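So the chains spell out like this:
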Amino acid sequence: MRLLAQDPLRFRRQGLALKQYFAGRGITVLMLDDLSALQGERDLQLHSLAHGVIALERLEVDYGAGRRRLRVVKLRGARFRAGWHDYEIRTGGIDVFPRLVATEHFAPFQVEPCSSGNGSLDAMLGGGPLRGTSTLITGAPGTGKTTLALQFAFAAAERGERAVVYQFEERRRALIARTSKLGMDLAPHLASTKMVIRQVDPVELSPGEFAAMVRDHVEGPDPARIVVIDSLNSYFLAMPGEKQLLLQMHELLAYMNQQGVTVILIN
């Protein structure tokens, strides 16, 4: 259309005429701009004519799949979620993952200790971590961080609560085999979905998609009461190009705490 108009003034007049023509007939119009033209006054003029402007962006990373995100620049007469939102193009359509705002998702819950099923450990922790709190387990490799975290998840499943483990490092099958040798038989709980072990490949995952995955488990028909993230190191190292990754993780933890979820983090 810009090439047909040949000059900015004529292009604006044609855009205004098309807007009036379609508005008079109750037609919703989507206009696409590939940004191949020089950025400047012409684009701002078109933005002023349109009721809404949505910007799409593709970010290339040093390793792994590129990240797609979108931002609502303007949308007249509507309250919209500002900021950038991750999205994915898949077979069958587009999945958009709106930016998470923790304060919008408070749910009433009873603040009580979350037992590990181990009397000595619970006594040391004053009964266990409280509902709606995050606990960081840190230590050198081989000190038993994952085993300690799974103790809480296994105890929750034994009580009939749902526990979800997001595994970034160890393979799911190896984790199940190792825990069975320690006396924690996860198979019955995995079969009943009282425990879910989700293998996560952060190279192929955006922070927004991971947050949406967590929300599905926390707000589902059988909501998760304990969430284990193993580990923070892999999550951060796999997405070095994400500038606000720490803030996004903080918002995700705040959201789960607002929902009364006990979070176990491994570092």
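Further up the page is the structure itself.
Report on the accompanying structure. Owing to the predicted nature of the structure, the values given are computational and were not obtained by experimental measurement. (Residues numbered from 1 in each chain as written. Predicted model: local features only at pLDDT ≥ 70, side-chain atom pairs only at ≥ 80, totals over all residues. Heavy atoms only, no water.)

With respect to the packing of helix 8 (residues 207-218) against helix 10 (residues 245-258)
Describing two packed helices takes the angle between their axes plus the distance from one axis to the other.
Okay, so step 1: One way to put it is that helix 8 packs onto helix 10 with a least axis distance of 11 Å and a crossing angle of 10°. Regarding the angle of helix 8 to helix 10, the classification is roughly parallel. Residues Pro207, Phe210, Ala211, Val214, Arg215 and Val218 of helix 8 form the contact with helix 10, whose participating residues are Leu245, Gln248, Leu252, Tyr255 and Met256.
Okay, so step 2: The residue inventory of the contact of helix 8 with helix 10, partitioned by class, reads nine nonpolar, one polar and one charged. (Axes fitted to C-alpha atoms, helices over the stretch in contact; angles between N-to-C directions. Helix = DSSP H or I, 4+ residues; strand = E, 2+ residues; numbered from the N terminus. Parallel < 35°, antiparallel > 145°, perpendicular 65-115°, else oblique. Contact = heavy atoms within 4.5 Å. Nonpolar A, V, L, I, M, F, W, Y, C, P; charged D, E, K, R; others polar.)

Concerning the sheet that holds strand 8 (residues 224-230)
Okay, so step 1: Strand order across the open sheet formed by five strands is 5-9-8-6-7, with parallel pairing between neighbours. Two strands lie at the open edges of the sheet, namely strand 5 (134-137) and strand 7 (195-199), each paired on one side alone. Going across the sheet, the axis of each strand differs from the next one's by a mean of 15°, ignoring polarity.
Okay, so step 2: Here strand 5 pairs with strand 9 (residues 262-266) via four bridges, running parallel. Of the residues in strand 9, the one forming a bridge with Ile137 is Ile266.
Okay, so step 3: This element, helix 10, spans strand 5, strand 8 and strand 9 of the sheet and lies at about 150° to strand 9. (Pairing = 2+ DSSP bridges.)

Concerning the sheet that holds strand 1 (residues 52-59)
Okay, so step 1: What the four strands build is an open sheet, ordered 1-2-3-4; its pairing is antiparallel. Each having just a single partner strand, strand 1 and strand 4 (93-97) make up the two edges of the open sheet. On average, adjacent strands in this sheet sit at an angle of 30° to one another, irrespective of strand direction.
Okay, so step 2: Across the sheet, helix 8 lies against strand 3 (84-90) and strand 4, angled at about 85° from strand 3, the strand it touches most.

Structural notes on the packing of aromatic side chains
Okay, so step 1: Enumeration over the complete set of coordinates arrives at six aromatic pairs.
Okay, so step 2: Relative to Phe210, the ring of Tyr166 lies with its centre 5.3 Å away and its plane at 75°, an arrangement referred to as edge-to-face. Within this pair, whereas Tyr166 is found in strand 6 (residues 162-167), its partner Phe210 is found in helix 8, the two being separated by 44 residues in sequence.
Okay, so step 3: Taking relative accessible area as the criterion, Phe210 reaches 0% and is therefore assigned buried.
Okay, so step 4: Through successive ring pairs, a cluster of aromatic residues spans Tyr166, Phe168, Phe210, Tyr235 and Phe236.
Okay, so step 5: The lysine or arginine in question, Arg69, covers the ring of Trp84, its NZ or CZ lying 4.0 Å from the ring centre. (Phe/Tyr/Trp six-rings, centres within 6.5 Å; stacked < 30°, edge-to-face > 60°. Buried < 20%, exposed > 50% of the residue type's maximum accessible area, 1.4 Å probe, protein only. Lys NZ or Arg CZ within 6 Å of the ring centre and 35° of its normal.)

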